[in-house]
Amino acid sequence: MVAEVSESAALEHGLTREEYDRVTNHLGRAPTITELGIVSVMWSEHCSYKSSRRHLKKLPTKGERILIGPGENAGIVDIGGGWAAAFKIESHNHPSYIEPFQGATTGVGGILRDIFTMGARPVAVMDALRFGPLDDPRTGVRNRHILKGVVGGIAHYGNCFGVPTVGGECVFADSYSSNPLVNAYALGVFPKDSIFLGAAKGVGNPVIYVGAKTGRDGIQGASMASAEFDEDSEAKRPNVQVGDPFLEKLLLEACLEAMATGAVLGIQDMGAAGLTCSTAEMGGRGGVGIEIDLKYVPQRERGMTPYEIMLSESQERMLLVARRGREREIFDVFEKWGLDAVEVGAVTSDGNLTVKNHGEVVALLENCFLTEGAPLYDRPYTTPWRAAPLDGPQVSEPTGGELRDALSKLLASPDLCSKRWIWEQYDYQVRTNTTAGPGGDAAVIRLKEAGISLAMSLDGNARYCSLDPRLGTKLLVAECCRNLAVVGAKPVGATNNLNFGNPEKPGIMAQLVESIEGMAEACAHFGTPITGGNVSLYNETLGESIDPTPVMGVVGIVEHVDTPVGSRFLNPDRKLILLGGLLPGGDERIERRFGSGEYAKTVIGQTWGLPPALDLDYESAVQAAVREAVQASLVESAHDLSDGGLAVALTECCFGPGKVGARLAIETGRPAHIALFHEAPSRVLASVSVDAADYVLRIARRHGIESPIVGETIADEIVVEINGSEAFRVPVAELYAVWDTALERMLEAS
Amino acid sequence: MKFGVVIFPGSNCDHDAVYALSRNLSQEVVEIWHRSEDLCGVDIVFLPGGFSYGDYLRCGAIARFSPVMRLVKRFADSGGLVMGVCNGFQILLEAGLLPGALVRNRNLRFICKEVRLSVGTIDSPFTNRCNLEAALTVPIAHGEGCYFASDAVLDRLETEGRVAFRYAGENPNGSARSIAGILNEGRNVLGMMPHPERACDPAMGSTDGLAVFQSLVAAAVPVL
C-alpha cells in the first residue's frame with residue numbers, strides 16, 4: 001500500500017474528525033489518499049443521505065404495484081399488461097449554478113442513465129426548475145443567464161438523445177438567485193420480466209466498463225454538491241462534468257441490446273462518485289467483493305492518478321457484471337455501436353472493494369463499510385425556520401377595475417405566465433407518444449405496446465412550504481394527484497426530490513423533517529408510495545438558504561391511448577361546474593391563508609400567514625368524482641385550480657386554440673379578491689355540455705362534494721359577475737397576449 | 001410498397017417512421033443499418049430525423065460518409081424514391097442529392113411546434129395526393145432548419161416547381177422564401193424539415209402527414 005494520509009487531508013475532503021476516526025478504527029491504519037477520496041464521496045451527504053436517511057424511512061414505499069422501491073437506480077411500478085415503468089427524479093442544482101448549460105445537460109444525462117440501467121427505454125423527461133427573479137436590478141442579468149443556459153442544456157441533451165421533454169415547471173423567487181434548482185425527472189418503460197438490477201453476483205464473473213473514456217472532469221462533484229457555496233465557488237467550475245448526448249444515445253442502444261443477449265447479470269451507471277460508487281454499490285448490494293485494476297480503465301487524459309480515476313464523474317459510462325464465458329457477446333454489441341467495453345476486474349468473495357493500479361493495491365475497503373456503514377445522523381431540529389410574518393397588511397376590497405388589473409398582472413407574472421419560450425425548445429413529441437404535452441395540468445404519454453397511457457405530474461410549492469413545510473408538502477402531494485385526476489388517471493407511485501438548506505441548522509433540519517412527515521401522511525392517504533428519489537441539502541450560498549422546496553413526480557395510469565381530456569375550453573355554451581366548491585371547508589382565518597398565494601406575492605407584494613387549509617378526505621372525494629366524470633367522457637375540459645385561484649384557472653381555460661370565453665357568476669360572502677384569487681385546494685373547473693351537466697352533478701353528489709354551476713362558456717370574452725353584479729369584463733385575446741409573451745419579454749430585456 | 005428506414009448512429013425518429021409507415025399506413029418496412037451494403041430491395045428509402053453523429057461538424061456532414069449512403073446515391077441516381085425528413089434532409093443536402101444548405105434557426109434556438117404548410121406542387125410522387133389549396137398541419141422540431149441557397153438556385157427551384165412545401169403564414173426559422181421542403185431535378189428525391197411521420201395518428205392531433213405517404217403509395221401503383 002502506498003503512502004497514507006493525515007487527518008488534515010481528511011478534513012479538507014469534507015470528513016469530520018469523528019468520521020475520520022471511524023475510518024482509521026475500521027482499517028486499523030490511516031487510509032491511502034485513494035481510500036480517503038473513496039470514503040469522502042461515499043459518505044458525502046449526496047451519496048449517503050446521512051442526514052435524511054433516518055427520516056426517509058417514514059415514507060410509505062410499498063404497494064401492490066411497486067416492483068422495486070427505493071435503493072436501486074430507479075423505482076419500478078407495474079403498469080399492467082406485462083409492462084413496467086421505471087422513473088426517478090434527481091437534482092443537479094450545484095453544477096447548474098456554476099455552469100448552467102453543462103450542469104443541466106449532465107443532470108438530464110444522469111437521470112436517463114438511471115432509467116436505462118434498469119433495462120427500461122426512457123420515454124419521457126420533465127424538469128422542475130427554480131431561478132432568481134429575472135427582473136431583479138441586482139441579480140436579474142445573472143438569473144436570465146442561468147435560465148437560458150439551463151433550458152438550452154436540457155433541450156440539447158434531451159432532443160439529441162431522442163427522449164421527449166413533456167412537461168415540468170419553472171418558478172421564481174429571491175432565494176434561488178444564488179442557488180437555482182434543476183431537478184430532472186425521467187420515466188422509461190419495459191416488459192416487467194426484463195428488469196436489471198445494480199447488484200454484482202457470481203464470484204469470478206467479469207466486471208466490464210462500458211461507454212465513454214474517463215477524464216478529469218467532475219472529480220469530487222458529489223462532495224461539492226454536499227457543501228454550501230461561497231465566494232470561491234467560481235473555482236469549482238472544473239468540478240462540473242461535460243455531457244455528450246450522442247454518446248449517451250449510443251450507450252442506451254448498446255446497453256439495451258447487450259441486456260437482450262442474456263449475458264448481463266447486473267449493471268449500474270457511473271453517476272455521482274463515478275467508478276467508486278458503482279463498484280462499491282454493486283458489490284454491497286450483491287454481498288460480494290469487486291476487484292479492479294485501473295490500468296484497464298479507458299482514459300481520455302494521460303497521467304491520471306488512481307485517486308482521479310476513481311473519483312472522476314465523466315459522463316456516459318456504465319459498469320456491468322457479465323456471465324463468465326459470454327463476455328464476447330457483450331463486446332460485440334458495444335463494438336457495433338463504436339463504444340469502449342473493457343474487462344476491468346472481477347467479482348470476488350471477500351466483500352471488499354479492491355482497487356489496484358498495475359497490480360499494486362491502492363485501496364482496500366469493505367463495500368458494506370462504504371455503503372450501509374456510512375454515518376447516520378440524528379441531526380437536532382427545532383421548529384421550522386420561517387421569515388414571513390403571520391399577519392399581512394390591511395387591504396381594502398378592490399374595485400372591479402382593480403380586480404381586472406390584478407388578473408392581468410398575475411398572468412404576466414413570471415410564475416404564472418406561459419412557459420412556451422422554454423418548452424418550445426424541447427422536442428416534446430419525439431417517439432410520437434405525447435398525447436398531452438407541456439402546458440397542461442399533467443403530461444400524458446401513450447404506450448403503443450400496452451394499450452394504456454401514463455400520466456405524469458411534477459410539482460413543487462416552496463411558497464407554501466416556507467410558511468409551513470408539513471402542510472405545504474401535503475398540499476403538494478394533493479395537487480400532483482389532482483393533476484392526474486383531471487386527465488382521468490389513477491396515481492400509482494411517486495418520486496421525490498427534497499431540496500433544502502443546511503441540515504446542520506436546526507431550523508432547516510426541522511423544515512426537512514416536517515416536510516417528509518407531511519409527505520408520508522399524504523402519500524399514504526392517496527396511495528402513492530415513494531419509489532425513490534433524491535435529497536439535495538446544503539442549498540445555501542453565503543449562509544442564506546433556499547426556500548424549502550420538496551418536489552414530487554407522481555405517475556398515474558389512464559386506461560386508453562386516445563387524446564386525453566384537456567384543460568382548455570373547446571366550445572361556447574357549455575356549463576361551468578366548479579367541482580369541490582367555491583371555497584370548500586370555509587375558514588375564518590382565510591385572510592391569513594390568503595397571504596401564501598400568488599396574489600399576495602405579486603399584487604400586494606408580500607407573503608405572510610399560512611398555506612391554504614387542506615382536508616385530505618375531501619380532496620380524495622373531489623379527485624374520485626373528477627376522475628369518474630372524466631373517464632365517463634362527461635366533461636369537455638377539466639382544469640385544476642392552483643396558483644392564482646379560480647380567476648387565473650378560468651382564464652387559462654380560455655387560452656385554447658379557439659380562445660373560447662367565459663361568463664363567471666359566483667355568490668360569495670367573502671371579499672371579491674379572496675373569492676377570485678384564493679388558492680384553496682380540492683377544486684377543479686370543468687366545462688360540460690348542457691346535457692351532461694346533470695350526470696356530472698349526480699356524480700359529485702354521490703361523492704359528497706360541492707359542485708356549484710359557476711357560469712358558462714361564451715365567445716371570446718371573460719365576464720366576471722359577483723353576487724349578481726358585473727365586476728369586470730375583458731377580451732380573452734388581450735389577456736392571452738399578456739400571458740403568452742411575458743416570459744419572452746422578461747428574457748429579452750437587456 | 002416496401003419502405004427502408006435507414007438508421008444512423010444518433011437517428012432518433014427512426015422508430016416513429018417505422019410505426020407510422022407500418023401501423024398507420026400498413027406498409028412493409030425494413031430497418032437498414034447505416035453500414036449496410038444492401039438496400040434490401042426497397043421501393044422507397046426514408047432517412048429519418050435525429051442527430052446522426054451528434055450533429056458534430058455540421059448536421060449530416062458525417063452521416064453522408066456512412067457506407068449505406070453510396071447505395072442511396074446510386075438508388076436515387078437511377079430514379080429510386082428517396083425521402084429525408086429533418087436530419088434526413090440535412091444528410092441529403094450534405095450528400096449533394098439536393099441543392100442548398102440548412103443553417104441555424106433565425107432565433108438561434110431549437111423550435112418544436114406545429115406549423116402550417118402550403119403545398120407547392122402536386123406534380124411529384126411525394127405530393128400527388130396533396131391539395132394545392134389546403135394547408136397541412138405538421139410539426140417541426142429542429143435547431144438548424146433555416147433553408148439557405150443562392151438566389152439563382154432559389155429562382156430555379158421556383159421556376160421548375162421544385163418547392164414541395166412552404167411555411168404558410170409564420171416562417172418559424174427564417175428559411176429563404178419560406179421553403180420547408182424541396183425536390184431534386186428528377187423529382188424523385190424529397191427533403192423536408194417538418195415531420196409528416198409525426199402527423200399520421202389521430203391521437204397525436206393532426207393526421208395531415210398521411211397525405212405525403214399516401215402520395216408515395218399511389219405513385220408506386222402503375223397508372224393504367
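Anyway, here's the lowdown on the structure attached to this text. Given the structure is predicted, the values throughout are model-derived calculations rather than measurements.

## Here's the deal with the overall build of chain A
Now for step 1: For chain A, the count of helices and strands is 26 helices and 28 strands.
Now for step 2: What you see for chain A is a C-alpha radius of gyration of 26 Å, in line with the 27 Å of a compact globule of 750 residues.
Now for step 3: When its C-alpha atoms are laid out on the principal axes, chain A stretches across 85 × 50 × 45 Å.
Now for step 4: A total of 750 residues make up chain A; the buried ones form 63% of that total.
Now for step 5: Residue pairs in contact within chain A that sit at least 24 positions apart in sequence constitute 84% of those at least 6 positions apart.

## Details of the environment of Asp562 of chain A
Now for step 1: As for its placement among the helices and strands, Asp562 of chain A is situated in the loop between β21 (549-558) and β22 (575-579).
Now for step 2: For the pair formed by Asp562 of chain A and Gly215 of chain A, sequence separation is 347 residues and the distance between their alpha carbons is 46 Å.

## Some details on the interface of chain B and chain A
Now for step 1: Each side of the interface is counted separately: chain B has 22 residues, and chain A has 25 residues.
Now for step 2: Secondary structure elements with two or more residues in the side of chain B that touches chain A: α1 (14-24), β6 (111-119) and β7 (136-142) of chain B.
Now for step 3: Looking at side-chain class alone, the side of chain B that touches chain A contains 12 nonpolar, five polar and five charged residues.

## So, the environment of Ile290 of chain A
All names here are of chain A.
Now for step 1: Checked against the element boundaries, Ile290 lands in strand β9 (residues 289-293).
Now for step 2: A residue is classified by how many C-beta atoms lie within 10 Å of it, and Ile290, with 28 of them, is buried.
Now for step 3: Separated by 430 residues in sequence, Ile290 and Val720 place their C-alpha atoms 69 Å apart.
Now for step 4: Residues in contact with Ile290, not counting those within four places in the same chain, are Ala200, Val207, Thr279, Met282, Gly283, Gly345, Val347, Thr348 and Leu353.

## Considerations on the pairing of strand β3 (residues 83-91) of chain A
Residues and elements named next belong to chain A.
Now for step 1: By the criterion of burial, β3 is predominantly enclosed, with nine of the nine residues buried.
Now for step 2: Of the two faces of β3, the one holding Trp83, Ala85, Phe87, Ile89 and Ser91 and the one holding Ala84, Ala86, Lys88 and Glu90 are both buried throughout.
Now for step 3: Summarising the sheet, strand β2 (residues 75-80) and β3 pair through five bridges and their orientation is antiparallel. Within β3, the residue paired with Asp78 across the bridge is Ala84.

## Re the pairing of strand β5 (residues 165-172) of chain A
Residue and element names in this part refer to chain A.
Now for step 1: The element β5 is extensively covered by neighbouring structure, given that eight of its eight residues are classed as buried.
Now for step 2: Summarising the sheet, strand β4 (residues 121-131) and β5 pair through seven bridges and their orientation is parallel. Considered in β5, the bridge of Met126 is made with Gly167.
Now for step 3: As a crossover connection, the stretch from β4 through helix α8 (residues 140-161) into β5 is right-handed.

## Concerning the sheet that holds strand β1 (residues 2-7) of chain B
All names here are of chain B.
Now for step 1: If you trace the nine strands from one edge of the open sheet to the other, you get β2-β1-β3-β4-β11-β10-β9-β6-β7, paired in mixed fashion. Taken across any chain shown, the strands that pair with only one partner, and hence form the sheet edges, are β2 (28-33) and β7. In this sheet, neighbouring strand axes are inclined to one another by 25 degrees on average, regardless of whether the strands run parallel or antiparallel.
Now for step 2: Packed on one face of the sheet, helix α2 (residues 67-77) meets β1, β2, β3 (44-47), β4 (81-85) and β11 (189-192) and runs near 125 degrees to β4.

## As for the packing of helix α3 (residues 33-42) of chain A against helix α11 (residues 274-286) of chain A
All names here are of chain A.
Now for step 1: Where α3 contacts α11, the two axes come as close as 10 Å, and the packing angle between them is 75 degrees. Of the possible angle classes, the one that applies to α3 and α11 is roughly perpendicular. Each of Ile38, Val41 and Met42 in α3 lies in contact with α11, whose residues at this interface are Thr276, Cys277 and Ala280.
Now for step 2: A per-class count over the contact of α3 with α11 returns five nonpolar, one polar and no charged.

## Some points on the nonpolar core
Now for step 1: Judged by nonpolar contacts, the single largest core of 325 residues is most densely connected at Ala85, Ala124, Val487 and Val696 of chain A.
Now for step 2: When sequence neighbours within four positions are dropped, the list of residues in contact with Val487 of chain A reads Ala436, Asp441, Ala442, Val444, Ala455, Val558, Pro564, Val565 and Val630 of chain A.

## Here's the deal with unusual backbone geometry
Now for step 1: Of note, the phi angle at Ser682 of chain A is positive, near 60 degrees, even though the residue is not glycine.
Now for step 2: Along the chain, Ser682 of chain A falls in the loop between α24 (672-677) and β25 (684-688).
Now for step 3: In this structure Ser682 of chain A comes out as buried when scored by C-beta crowding, with 29 C-beta atoms within 10 Å.
Now for step 4: With phi around 50 degrees, Tyr53 of chain B is a residue other than glycine that occupies positive phi space.
Now for step 5: With respect to the element layout, Tyr53 of chain B can be found in the loop between β3 and α2.
Now for step 6: Judged by C-beta crowding, with 25 C-beta atoms within 10 Å, Tyr53 of chain B ranks as buried.

Conventions and cut-offs
- Residues numbered from 1 in each chain as written.
- Chains lettered and ligands numbered in written order.
- Predicted model: local features only at pLDDT ≥ 70, side-chain atom pairs only at ≥ 80, totals over all residues.
- Helix = DSSP H or I, 4+ residues; strand = E, 2+ residues; numbered from the N terminus.
- Rg over C-alpha atoms; globule rule 2.2 N^0.38 Å.
- Buried ≥ 20, exposed ≤ 12 C-beta atoms within 10 Å, placed from the backbone.
- Contact = placed C-beta atoms within 7 Å.
- Nonpolar A, V, L, I, M, F, W, Y, C, P; charged D, E, K, R; others polar.
- Pairing = 2+ DSSP bridges.
- Right-handed = clockwise from strand over helix to strand, strands pointing away.
- Axes fitted to C-alpha atoms, helices over the stretch in contact; angles between N-to-C directions.
- Parallel < 35°, antiparallel > 145°, perpendicular 65-115°, else oblique.
- Core = buried A, V, L, I, M, F, W, Y, C linked by C-beta atoms within 7 Å.

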